[in-house]
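Observations on chain architecture
Okay, here's what each chain looks like letter by letter:
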Amino acid sequence: MVKKFCSLVLFFLTMFVLSGCGADVHTNTVFHEDGSGERVIAAKIYYEDEAYIDGGFDNLDVLIRQNAPLCLDVNKIEGESEEYFTYEFAYEFSNIDDYMDKTEEITGEKPDIVWKEKTGAFQKKITYKETITTQQLISWVTKAMKDTNLAMGLEKQWYHLETNTVYYEDECVWSGTSNPEFQIDATPKVENVSVYTKYLADGGMFKKLYLSFRYEDYMNMDVDQALSYLQKNYSEKFEIDTSCNGFVLEMRNEEEMNAFFQNASEPLTKEECQKAGKEWNGVAGKNCMFEDNRSSSVISDVFEVKEAFNMRTFLDEFKLSKNRIYYYIKVPSSYQYETSDLTKKYELKDRKKYSYATALTKDQMFCMNFQFHNTVKVLKHQVSYELTAQNTAIQTVSITVEPKGKKITREDLIDYFSAFDTECFVKEKEEEYQITLVKEIPLNTECMDANWVFSWKQDNDRRNGMKTYFLFLQYDPDYYLPIDGEKVRYEVRIPDSLNMRSMSWNGKNYEKTEIRSLKQVGYYRISGTLEKEEKLQINMMLVKLNSAFLLILVLLLALIVLMTAAVLIYIYMIKHGIIKVNDGRE
C-alpha cells in the first residue's frame, strides 16, 4: 500500500473509529534520503458497525471532514470489500521540520521526534526516534466523537491498533505497535585497504595505498565528490582507480608520505611504541615517522629504513567490511635483511611479488625496521706511526680486503680513499686487494674527527733549555672502512733523541722501568693488537735539549776548557823558567 507513496515519507501510527467490532487502525510512513516523505493513517471500518453510530456513516463522514486538521488529506475508499470501507488520512512533508510542524498541528502537542544525520563523502547514517502515541495522533477524531456523542460505548471500543510500518525509500525499517525507531546506515563499505611499499636498489622508493569498495556501493557513489573530498582533506595525489572499484594514492618520496600520514594518523601512543620495542620510544607523540638511511660505496652498502604510523583518522572515515589492513613490503632481492616488527605473516595473493607481508587492524600501529650492511671483508689491518728526526709524524695504514661479492677495481679503491687526504697505493693479488695509506703529519698539527684524533705539539712555554713534545692520538679501526670481525695490529716508533718521560696506551700508564724496556737501538718501539671494537689511544710526553741552549752550553764549556788550559800552560812555563817573572828585585 505504501508503494503508491514512494516519493513520500511516512511516520507514525493510527487512526480512529468506533464501537462494535471497532475500526482497525494502522499507519504507513515513508521517509526519503532528504527527510521528505508522507504518512498515511488508515482506518478500516466495518459496515456492521453503522448501528453503533448516531446518524450512521453519513454523520461520521461529516464529523471527520469538519474536524480534520487542515494539513490532512481525507480520502474515503469504498468497494474494496463487502465487509468494510477505509478512511485514509495522509499528510506530506518536505523535511523533518515540516513533518514536526504538521504532527504538532494534528496532535495539538509539540512532538518529541529525533532525526540525526551523519553524512559525508563516505558516510551516510540516519537515526530516528519518536514518542508520539497513536492516541495522540487520532485525538482530534475521538474528541469530536465525545463532544457530539456520535458513538456508543467506551473509547477503547471504538478502535484497536494493528501493526504500523515505517519505510526508508522502498525498504521496511520498522514495524510494530509501539513508538517507532530505526537507524539507517547507508555508508558505502570498503572491501579492502592495502598499502604497498617498495624500496628500490638505486635508492628510490614509493608507496601505494589502495581503497577498494563493494562493487554495488562504488557504482552508487558520487566518485567525483568522493575524490574531491580525499584530495582536499588528505592528499591531492589521490586518483580514481576503476580496477579496484575505488581510489589509489601513490607517494614517491618521504616528503609525500609525511604529507599524507600527518593527516591520516593519530599521534602514536607511548604504550604502543613501548610494546613495539625500545627503538620506537622516541616516536611517541608523533603522527608518523619515516627514516631512509641508505648509502652505497665501493667499500660497503648500508640499508636502514624505518616506518611508523597508524591511519586511524583516515580509516574512521569509512565503514570497513573487515577490520584488517594489509601491508606489503618489497626490498632489493640481492640483499639479506634483518627485520623487526613484521611478526605476523600471511599467505596473501601478492605474497610472491613482495618480500614481506603483514596485516593489522585499523587501530594498530604499523611499524617496520629493515637493516642490512654489506662490507668488503677485511683480512688484515695494521696501523703504524713513526716520529722522525725532522719532527714529523708518518701514519701508515695497511689493509688487506676481500671484495665479498662486491665488484671492485683498483681504480675504484684509489678514488674512494682519495677523500681521506692520504696517499693511496693499491696492489691486486688474486682475490685480494692490499691497500696502503700514508699520511705525513707536520709538528704542531691537530686533527679532530669523529673517529680519528691526532695531536702532535711542542710546548713553547718551557724555558729550562728543554723542548717538550706532547703526542696524543686516537684511531678508530672503522675510520677508513668498517671492520668485519678482524683484530688490528698497532706499532709506534719514536727516535731515542726524544726522551720519553711518560706514556699511556689505552688507559694503561707505563712506569719508568717499562718505558726504558721499550727502548731499542736508536728508537722506542710500542706495539700491540686490539679487538676491532677498541680504539687505540696513546698519550705521551717527550723531551730533548734545546739546540741553541746546547750550543751555548758547548761554547761555554769550550771557553772554560781553553781558559783552564791557558792557566795551566802559563804556570808550566813559569815553573820551568821559560817565562821569568819580575819579582821587584834588580
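Right, let's walk through the structure included here. (Residues numbered from 1 in each chain as written. Predicted model: local features only at pLDDT ≥ 70, side-chain atom pairs only at ≥ 80, totals over all residues. Heavy atoms only, no water.)

Let's talk about helix α7 (residues 254-264)
Selection rule: Exposure is judged per residue with a 1.4 Å probe applied to protein chains only, and the accessible area is read against the type maximum: over 50% gives exposed, under 20% gives buried, and values in between give partly exposed. Numbering of helices and strands runs from the N terminus, with a helix taken as a DSSP run of H or I at least four residues long and a strand as a DSSP run of E at least two residues long. Our arc is simply the arc of the directions from the helix axis toward the C-beta atoms. The criterion used for residue contact is that any of the two residues' heavy atoms lie within 4.5 Å.
Along α7, the residues that are buried comprise Glu256, Met257, Phe260, Phe261 and Ala264. An end-on view of α7 places all buried positions within 115 degrees of arc, on one side of the element. Where α7 is buried, its residues contact β12 (205-213), β13 (238-241), β14 (246-251), β15 (289-296), β16 (300-309) and α9 (312-315).

Side note on helix α1 (residues 56-67)
Quick note on the threshold: What a helix is expected to span follows from its residue count: subtract one and scale by 1.5 Å.
Across its 12 residues, α1 extends 17 Å between first and last C-alpha, which sits within 8% of the 16 Å expected from 1.5 Å per residue. Residues Gly56, Phe57, Leu60, Asp61, Leu63 and Ile64 constitute the buried set of α1. Along the axis of α1, the buried positions cluster into a sector of 165 degrees, meaning they face one direction only. Every exposed residue of α1 that faces more than 90 degrees away from the buried side is listed here: Asp58 and Gln66.

Structural notes on the pairing of strand β2 (residues 37-46)
The two faces of the sheet receive side chains in turn, since in a regular strand these alternate between them. As a reminder of what qualifies: What makes two strands pair is DSSP finding at least two bridges between them.
β2 sits mainly inside the fold: nine of its 10 residues count as buried. Relative to β2, strand β1 (residues 23-31) runs antiparallel, the two sharing eight bridges. Within β2, the residue paired with valine 25 across the bridge is alanine 43. Two successive antiparallel strands, β1 and β2, enclose a turn made up of five residues, where glycine 35 displays a positive phi of approximately 90 degrees. Two strands pair when backbone bridges link them, and β2 and strand β4 (residues 84-93) are joined in this way by 10 bridges, in the antiparallel orientation. Paired with glycine 37 across the strands is phenylalanine 93, a residue of β4.

With respect to the sheet that holds strand β29 (residues 488-495)
The line we're drawing: Throughout, an axis means a line fitted to C-alpha atoms (over the contacting stretch in the case of helices), and angles, computed between N-to-C directions, take values from 0 to 180 degrees.
In space, the seven strands of this open sheet follow the order β24-β25-β23-β22-β29-β33-β32, with mixed pairing throughout. For this open sheet the edge positions go to β24 (423-429) and β32 (519-520), each flanked by a neighbour on one side alone. With eight bridges joining them, β29 and strand β33 (residues 523-530) adopt antiparallel strand pairing. The residue of β33 that forms the bridge with valine 488 is leucine 530. Each of β24 and β25 (432-441) is contacted by helix α10 (residues 410-417), which is oriented at about 155 degrees to β24, the strand it contacts most.

Describing the pairing of strand β9 (residues 171-176)
Across five bridges, the pairing between strand β8 (residues 164-168) and β9 is antiparallel. Paired with valine 166 across the two strands is tryptophan 174, which belongs to β9. Linking β8 back to β9 in an antiparallel pair, the connection comprises two residues, with glutamate 169 at a positive phi of about 55 degrees.

As for a nonpolar patch on the surface
Short version of the rule: Only residues whose relative accessible area exceeds 30% and that form no salt bridge are eligible for patches; like-charged ones are grouped when within 9 Å, while nonpolar side chains (Val, Leu, Ile, Met, Phe, Trp, Tyr) are grouped when within 5 Å. Only the protein chains shown count as cover for residues, with accessible areas throughout obtained via the Shrake-Rupley method and a probe of 1.4 Å. Salt bridges are defined by distance alone: a side-chain nitrogen of Lys or Arg within 4 Å of a carboxyl oxygen of Asp or Glu.
A cluster of nonpolar residues, Leu556, Leu557, Leu559, Ile560 and Met563, forms a patch on the protein surface that exposes about 480 Å² of accessible area. Looking at where methionine 563 falls in the secondary structure, it is placed in helix α12 (residues 547-575). Judged by its relative accessible area of 51%, methionine 563 falls in the exposed class.

Comments concerning the packing of aromatic side chains
Spelled out, the test is: Stacked, tilted and edge-to-face are the three classes assigned to paired rings of Phe, Tyr and Trp, where Trp is represented by its six-membered ring and a pair needs centres within 6.5 Å; plane angles under 30 degrees give stacked, over 60 edge-to-face, the rest tilted.
Summed over all chains, the structure comprises 48 aromatic pairs. Ring centres of phenylalanine 260 and phenylalanine 261 lie 4.8 Å apart, and the angle between their planes is 75 degrees; this geometry places the pair in the edge-to-face category. With respect to burial, phenylalanine 260 and phenylalanine 261 carry one shared label: buried. A ring pair is formed by phenylalanine 417 and tyrosine 480, whose centres lie 6.3 Å apart and whose planes are at 55 degrees; its orientation type is tilted. Of this pair, phenylalanine 417 sits in helix α10 while tyrosine 480 sits in the loop between β28 (466-475) and β29, and the two are 63 residues apart along the sequence. Of the two residues, phenylalanine 417 and tyrosine 480, both sit in the buried class.

Things to note about the environment of threonine 27
Here threonine 27 lies in strand β1. Threonine 27 gets classed as buried once you look at its relative accessible area, which sits at 0%. With 139 residues separating them in the primary sequence, threonine 27 and valine 166 have C-alpha atoms 8.3 Å apart.

With respect to the side chain of threonine 422
We apply this condition: The definition of a polar contact used here is a pair of N or O atoms within 3.5 Å, where within protein one atom must be able to donate a hydrogen and the other to accept one, and adjacent residues in sequence count solely through side-chain atom pairs.
Its location among the elements puts threonine 422 in the loop between α10 and β24. Separated by 2.9 Å, the side chain of threonine 422 and the backbone oxygen of valine 438 make a polar contact. Filtering out sequence-adjacent residues up to four positions away, threonine 422 remains in contact with Phe417, Leu437, Val438 and Lys439.

Looking at the nonpolar core
So the rule is basically this: Only buried residues count toward a nonpolar core. Its members are Ala, Val, Leu, Ile, Met, Phe, Trp, Tyr and Cys residues joined through side-chain atoms within 4.5 Å.
Among the nonpolar cores identified, the biggest contains 48 residues, and Trp456, Tyr480 and Ile494 are the most heavily contacted of them. Core analysis: the next-biggest nonpolar cluster, separate from the first, contains 47 residues, Met221, Val223, Phe247 and Phe290 among them.

Structural notes on the sheet that holds strand β5 (residues 113-119)
Pairing in this open sheet of three strands is antiparallel, and the strands run β5-β6-β10 from one edge to the other. Either end of the sheet is taken by a strand with one partner, and the two such strands are β5 and β10 (181-185). For this sheet the average axis-to-axis angle between neighbouring strands, irrespective of direction, equals 5 degrees. Strand direction decides the pairing type here: strand β6 (residues 124-130) and β10, joined by five bridges, are antiparallel. Considered in β10, the bridge of isoleucine 126 is made with isoleucine 184.

Topic: the environment of leucine 72
Looking at the element boundaries, leucine 72 is found in the loop between α1 and β3 (73-77). What makes leucine 72 buried here is its relative accessible area of 9%. C-alpha of leucine 72 to C-alpha of lysine 102: the two residues are 30 residues apart in sequence and 8.7 Å apart in space. Beyond its immediate chain neighbours, meaning those up to four positions away, leucine 72 contacts Phe89, Ala90, Tyr91, Ile106 and Trp140.

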